[in-house]
Each structure stands twice: as C-alpha cells, then as structure tokens.
Amino acid sequence: MNLETQIAKIVEANGAALYDIETANEFDETIYRVLITKTGGVNLDLCATISNELSPFLDVHPPMSGHYRLEVSSPGIERKLSKPVHFQNAIGEKVKVKLLGGDKLKGVLKAADDKGITLETKQGEESYSYSDLGTVKTYYEW
C-alpha cells in the first residue's frame with residue numbers, strides 16, 4: 001500500500017477526506033502539505049488532530065529525505081483542481097483556467113469526467129481534455 005493511501009486512511013478515520021498532497025518550498029523550508037476536506041468545513045482542531053496522528057506515522061514512513069515541516073489544512077475556498085475527482089466535486093463552481101498554450105479562461109464548470117471538462121464561458125460551452133489544461137483554480141467573487 002502506498003503512502004498516500006495510508007495518509008488517506010488516517011484522514012478518513014477522523015471524519016475527513018484527503019483532497020491532495022503537495023510539497024512546497026517557502027523561505028528555505030520544505031513543507032509537506034496534506035490538504036483535507038469535510039462536509040460542513042474544516043476547522044483548526046480537526047487539522048491539529050490529524051497532524052498529531054500523521055506526525056508519528058510519517059516519522060516511521062518519511063515522505064521525503066531531509067527535513068520538512070508537516071502542514072495539515074483545508075485547500076480553501078479558492079483551490080487548485082488537478083485530479084478528475086477535484087473537477088467532479090467542483091461542478092457548478094466558477095473556475096479560472098490557464099491552458100497549456102497560454103490562453104486564459106473564466107467560466108462555470110459544467111461537467112467533468114475521466115477524460116476532461118466542459119466550461120460555460122461568455123462564448124458558450126467549451127470542452128477541454130485534461131491534457132489541454134495547465135493551472136485550474138476555483139475562484140470566489142467577493
């Protein structure tokens with residue numbers, strides 16, 4: 001069983017779902033970020049509980065060599081979409097899309113499956129395969 005599957009089990013045992021795992025470098029520090037979601041929202045206590053359970057597990061099964069800081073958090077209201085399940089769970093939300101060719105789009109995510117997505121833009125419905133997509137994020141108009 002791989003590391004992500006084991007992390008997902010720990011997260012799910014606490015009533016949440018694993019959204020994504022990412023590694024970031026900020027201010028000369030490596031951060032191993034575990035992003036979680038939960039119906040009704042994620043709070044600080046839940047993040048702390050999961051962090052306290054993940055920490056000893058990751059001490060035994062390190063996710064990378066060298067020093068890192070574990071961070072458990074929500075992906076936020078404006079979040080990156082990278083897996084088909086992320087897109088499927090964001091249907092109906094507003095998204096900003098950067099295509100691999102450099103073009104940028106805004107629209108409402110209308111559909112998503114294992115092959116690609118359909119957006120409702122000012123020009124009408126447009127479909128793209130995942131291989132056409134660069135960065136995709138949900139956004140909220142404040």
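- The name given to the protein in an unreviewed UniProt entry is Ribosome maturation factor RimP, with Sulfurovum lithotrophicum as the source organism.
- The heading Subcellular location (unreviewed entry) in the UniProt record of the protein holds the text "Cytoplasm".
- In its Function (unreviewed entry) section, UniProt records this for the protein: "Required for maturation of 30S ribosomal subunits."

## Considerations on the sheet that holds strand β2 (residues 29-37)
Moving on, step 1. A sheet is described by the order of its strands in space; here three strands give the open sequence β1-β2-β3, paired in mixed fashion. Each of the sheet's edge strands pairs with one partner strand only, and the pair in question is β1 (17-26) and β3 (69-73). Each adjacent strand pair in this sheet contributes to an overall mean axis angle of 20 degrees, direction not counted.
Moving on, step 2. Relative to β2, β1 runs antiparallel, the two being bridged by nine bridges. Bridge assignment links Glu-22 to a residue of β2, and that residue is Arg-33.
Moving on, step 3. Each of β1 and β2 is contacted by helix α1 (residues 3-13), which is oriented at about 120 degrees to β1, the strand it contacts most.
Moving on, step 4. Sheet contacts for helix α2 (residues 44-60): β2 and β3; angle to β3, the most-contacted strand, approximately 145 degrees.

## Here's the deal with the nonpolar core
Moving on, step 1. Grouped together as the largest cluster of nonpolar side chains are 19 residues, with contacts concentrated most on Ile-7, Tyr-32, Val-34, Ile-36, Ile-50, Leu-54 and Val-72.
Moving on, step 2. Contributions of two or more residues to this core are made by α1, β1, β2, α2 and β3.
Moving on, step 3. Looking at which element gives the most residues to this core, the answer is α2, with six residues.
Moving on, step 4. Sequence-distant contacts of Ile-50, that is, excluding residues within four places in its chain, are made with Val-11, Asn-14, Ala-16, Ile-36 and Val-72.
Moving on, step 5. Judged by nonpolar contacts, the second largest core, of 17 residues, contains Tyr-19, Phe-87, Val-97 and Leu-109.

## Describing the environment of Arg-79
Moving on, step 1. Within the secondary structure, Arg-79 is located in the loop between β3 and α3 (84-89).
Moving on, step 2. Separated by 16 residues in sequence, Arg-79 and Val-95 place their C-alpha atoms 9.4 Å apart.
Moving on, step 3. With near-sequence residues (within four places) excluded, Arg-79 lies in contact with Tyr-19, Ala-90, Glu-93, Val-136, Lys-137 and Thr-138.
Moving on, step 4. For Arg-79, the side chain forms a polar contact with the side chain of Glu-93, separated by 2.7 Å.

## What about the layout of surface pockets?
Moving on, step 1. Of the volumes computed, that of the largest pocket is approximately 210 Å³.
Moving on, step 2. Tyr-19, Thr-37, Pro-75, Gly-76 and Arg-79 are the residues nearest the centre of the largest pocket, which is lined by 14 residues in total.
Moving on, step 3. Each residue belonging to the lining of the largest pocket can be placed in one class, and the counts come to five nonpolar, six polar and three charged.

## Concerning α2
Since there are 3.6 residues in each turn of an α-helix, residues three or four apart along the chain are aligned in direction.
Moving on, step 1. Helix length check: α2 (17 residues) gives 25 Å between terminal C-alpha atoms against 24 Å at 1.5 Å per residue, within 8%.
Moving on, step 2. Looking at α2, one finds that the buried residues are Leu-46, Cys-47, Ile-50, Ser-51, Leu-54, Phe-57 and Leu-58.
Moving on, step 3. Among the structural elements, α1, β2 and β3 are those in contact with the buried residues of α2.
Moving on, step 4. Two or three places before Asp-45, at the opening of α2, Asn-43 has a side-chain oxygen 3.2 Å from that residue's backbone nitrogen.

About the thresholds
Residue numbers run consecutively from 1 along every chain, following the written order of its sequence. Per-residue local features are limited, in this predicted model, to residues with pLDDT of at least 70; the limit for side-chain atom pairs, both in listing and counting, is 80 or more; totals at the level of whole chains, interfaces and linings are taken over all residues. Excluded from the side-chain calculation are hydrogens and water; included are all heavy atoms of the structure. UniProt positions are given in the numbering used here, feature names are shortened, and annotations may be inferred rather than shown by experiment. Strands qualify as paired when DSSP identifies two bridges or more between them. Only runs of H or I of at least four residues qualify as helices and only runs of E of at least two qualify as strands under DSSP, and these elements are numbered from the N terminus. An axis is simply a line fitted to the C-alpha atoms; with a helix, the fit covers only the stretch in contact. Between two such axes, the angle follows the N-to-C directions and lies from 0 to 180 degrees. Pairs of residues are marked as contacts when any of their non-hydrogen atoms sit within 4.5 Å. In plain words, nonpolar cores are sets of buried Ala, Val, Leu, Ile, Met, Phe, Trp, Tyr and Cys residues tied together by side-chain atoms within 4.5 Å. Exposure classes here rest on a 1.4 Å probe applied to the protein chains alone. A residue is buried below 20% of its type maximum, exposed above 50%, and partly exposed in between. In protein, a polar contact means a hydrogen-donor-capable atom and an acceptor-capable atom, both N or O and within 3.5 Å, with residues adjacent in sequence counting only if both atoms are side-chain atoms; elsewhere, any N or O pair within 3.5 Å suffices. Put simply, the grid is 1 Å and covers the protein atoms alone, a cavity is a trapped set of points that fit a 1.4 Å probe, a pocket is an open set with protein on both sides within 12 Å along at least five of seven lines, and lining residues have an atom within 4 Å of a point. Grid points are joined across faces, edges and corners, and a volume is the space filled by probe spheres set on the points. Lys, Arg, Asp and Glu make up the charged group, whereas Ala, Val, Leu, Ile, Met, Phe, Trp, Tyr, Cys and Pro make up the nonpolar group; the residues left over, Gly among them, are polar. In this scheme, a helix's expected span is set at 1.5 Å multiplied by one less than its residue total.

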